[in-house]
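Observations on chain architecture
Single-letter residue listing:
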Amino acid sequence: SHQKRVARIDRDSIPQARFHYDIEPFSIWIRYEGREWYDFLTSLLALTGGTFVVMRLMSRASLATVMSLQRLAKVASGNLKNELALG
């Protein structure tokens, strides 16, 4: 609980702050709740589908990166050949 209290102190006194903590004990109850087989199957399929989607996205991203690097290398080598031919 919070209480507001104002006290008047002498000019020569040192102000103080007091804190009091009351730690209450608590308990944890563990209870097993069984799941039906179709709940397990649904979760398994969701996990499999999510994994497939993430792997597919990573595959597409890496393929796009490799293709753009190959194009960049072709452009750079083409410019280098043009400079050598002109020089």
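Our subject is the structure that appears above.
A few points on the structure. (Residues numbered from 1 in each chain as written. Predicted model: local features only at pLDDT ≥ 70, side-chain atom pairs only at ≥ 80, totals over all residues. Heavy atoms only, no water.)

Some details on the overall build of the protein
Across its full length, the protein carries one helix and zero strands. Sorting the 87 residues of the protein into buried and exposed places 0% on the buried side. Surface accessibility of the protein: about 10000 Å² in total, with carbon and sulfur atoms responsible for 61%. (Helix = DSSP H or I, 4+ residues; strand = E, 2+ residues; numbered from the N terminus. Buried < 20%, exposed > 50% of the residue type's maximum accessible area, 1.4 Å probe, protein only. Areas by Shrake-Rupley, 256 points an atom, 1.4 Å probe, with all protein chains shown as cover.)

Some words on the packing of aromatic side chains
Within this structure, the stated rule accounts for one aromatic pair. Where Trp37 meets Tyr38, the ring centres are 5.7 Å apart and the plane angle is 80°; that geometry is what we call edge-to-face. The exposure class of Trp37 is exposed, given its relative accessible area of 61%. (Phe/Tyr/Trp six-rings, centres within 6.5 Å; stacked < 30°, edge-to-face > 60°.)

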